[in-house]
Amino acid sequence: MNDNVIKFRRPEQPKKPRPGLKRAFLFAGVMLGFIGVWAYYAFITPA
């Protein structure tokens, strides 16, 4: 291997942001919160 050889490479393209992914995680977190509250009152608290 010759370590003194300069290799010219194109720079990697930056990844584009995915705004839909952030909204999906937010929606999933809110839904998990509602399910958690429902489960708490349905199974943990005495009726």
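Our structure's up above, just so we're on the same page.
Quantities reported herein were computed from a predicted structural model and do not represent experimental measurements.

Let us now look at the overall build of the protein chain. On a plain count of helices and strands, the protein chain comes out with one helix and zero strands. The C-alpha extent of the protein chain, read off along each of the three principal axes, is 75 × 25 × 5 Å. Summed over all atoms, the accessible surface of the protein chain reaches about 5600 Å², with 65% contributed by carbon and sulfur.

Under the criterion given, the structure shown has two aromatic pairs. Their ring planes at 80° and their centres at 5.6 Å tell us that Trp38 and Phe43 sit as a pair that is edge-to-face. Given the relative accessible area of 55%, Trp38 is considered exposed. Measuring from centroid to centroid gives 5.1 Å for Tyr40 and Tyr41, while their planes differ by 80°, and the two rings are edge-to-face. Residue classification places Tyr40 among the partly exposed positions, given a relative accessible area of 43%. Judged by relative accessible area, Tyr41 falls into the exposed class, the value being 56%.

Reading the values: the criteria
- Residues numbered from 1 in each chain as written.
- Predicted model: local features only at pLDDT ≥ 70, side-chain atom pairs only at ≥ 80, totals over all residues.
- Heavy atoms only, no water.
- Helix = DSSP H or I, 4+ residues; strand = E, 2+ residues; numbered from the N terminus.
- Areas by Shrake-Rupley, 256 points an atom, 1.4 Å probe, with all protein chains shown as cover.
- Phe/Tyr/Trp six-rings, centres within 6.5 Å; stacked < 30°, edge-to-face > 60°.
- Buried < 20%, exposed > 50% of the residue type's maximum accessible area, 1.4 Å probe, protein only.

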